[in-house]
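# Remarks on the overall topology
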Amino acid sequence: MTDQEIIELYFARSESAITETAAKYGNYCIYIAMNILYNREDSEECVNDTWMNTWNAIPPQRPCVLRTFLGKITRNLALNIYRKQTAAKRGNGETAAVIEELSECLADTKSARPDDLPEQITLTDCINRFLENQKPDQRKIFVRRYWYMSPVSEIAEEYGFTESKVKMALSRMRAALLTTLESEGISV
């Protein structure tokens, strides 16, 4: 079933929309949640919440890219669960490592207020432009690490690089991103 057909099922309020979404994107969403939570049960609960949030969001929203829409919901839900877990001293540590790596480039967004939205949009646009100017392999490494929160070892294996090459590429990209953000007047 195509994404557009699945979206139409949501608009028709057909419960088969969730079944079709789970069949097509269940493994994708589990992958995202597992890279953040490192717990199968919590990840499955997160993905079930993704289906509920999707049901509540469509309509009125009509996502252009359903996969990205679902990935974003899953990622945000998993990060919320992660924050609750780390408050209780749980978690594997990979998520904390990724957040620590990016903290040198990005300001703390936990205390963001609604009137910070224009700066967040500007930041998002700047990061997107930065990534557009990167080589395809560099862009993929960056997205795998900082969006999907994949371990460096997994990224290295997938792309046939050494772990040190991936770490160095990420370090250079973070430095370049920091320079780009500063040159655009975005405070970090």
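Let me begin by describing the structure that accompanies this report. (Residues numbered from 1 in each chain as written. Predicted model: local features only at pLDDT ≥ 70, side-chain atom pairs only at ≥ 80, totals over all residues. Heavy atoms only, no water.)

### Observations concerning the nonpolar core
Core analysis: the biggest nonpolar cluster contains 48 residues, and I36, L37, C46, L66 and V166 have the highest contact counts within it. Setting aside residues up to four positions removed in sequence, C46 forms contacts with A33, L37, T74, L77, A78 and I81. (Core = buried A, V, L, I, M, F, W, Y, C linked by side-chain atoms within 4.5 Å. Buried < 20%, exposed > 50% of the residue type's maximum accessible area, 1.4 Å probe, protein only. Contact = heavy atoms within 4.5 Å.)

### Examining helix 2 (residues 16–37)
The largest bend in helix 2 is about 65°, located at Y25. Every buried residue of helix 2 is listed here: A17, T21, Y25, G26, Y28, C29, I30, I32, A33, N35, I36 and L37. Immediately downstream of helix 2, the backbone of Y38 shows phi near 55°, a positive value. (Bend = angle between axes of the 7 residues up to and from the residue. Helix = DSSP H or I, 4+ residues; strand = E, 2+ residues; numbered from the N terminus.)

### Some remarks on the environment of C29
Note on placement: C29 falls in helix 2. Along the backbone, C29 and S43 are 14 residues apart, and their C-alpha atoms lie at a distance of 8.6 Å. With near-sequence residues (within four places) excluded, C29 lies in contact with V47, T50, W51, L70 and T74.

### Brief notes about unusual backbone geometry
Among all residues except glycine, the phi angle is most often negative; among peptide bonds, the trans geometry is most common. Here I58 and P59 are connected by a cis peptide whose omega angle stands at -20°. Note that P59 resides in the loop between helix 3 (40–57) and helix 4 (66–87). The omega torsion of the bond from P59 to P60 falls at 15°, within 30 degrees of zero and hence cis. Among the structural elements, P60 can be located in the loop between helix 3 and helix 4. Phi is positive for R13, which is not a glycine, with a value near 60°. Mapped onto the fold, R13 is located in the loop between helix 1 (3–11) and helix 2. Taking relative accessible area as the criterion, R13 reaches 36% and is therefore assigned partly exposed. The backbone phi angle of Y38 is positive, close to 55°, even though this residue is not glycine. Assignment of secondary structure puts Y38 in the loop between helix 2 and helix 3. Residue Y38 is classed as partly exposed on the basis of its relative accessible area, which comes to 29%.

### Structural notes on the packing of helix 1 against helix 2
Relative orientation of the contacting elements helix 1 and helix 2 amounts to 150°, with a least axis distance of 8 Å. Considered as vectors, helix 1 and helix 2 are oriented roughly antiparallel to each other. In this structure, the crossing between helix 1 and helix 2 has a hand that is left-handed. Listed contacts from helix 2 to D3, I6, L9 and Y10 of helix 1 are S16, A17, I18, E20, T21, K24 and Y25. Residues that form the contact of helix 1 with helix 2 fall into these classes: six nonpolar, two polar and three charged. (Axes fitted to C-alpha atoms, helices over the stretch in contact; angles between N-to-C directions. Parallel < 35°, antiparallel > 145°, perpendicular 65-115°, else oblique. Left-handed = near helix turned anticlockwise from the far one by under 90°. Nonpolar A, V, L, I, M, F, W, Y, C, P; charged D, E, K, R; others polar.)

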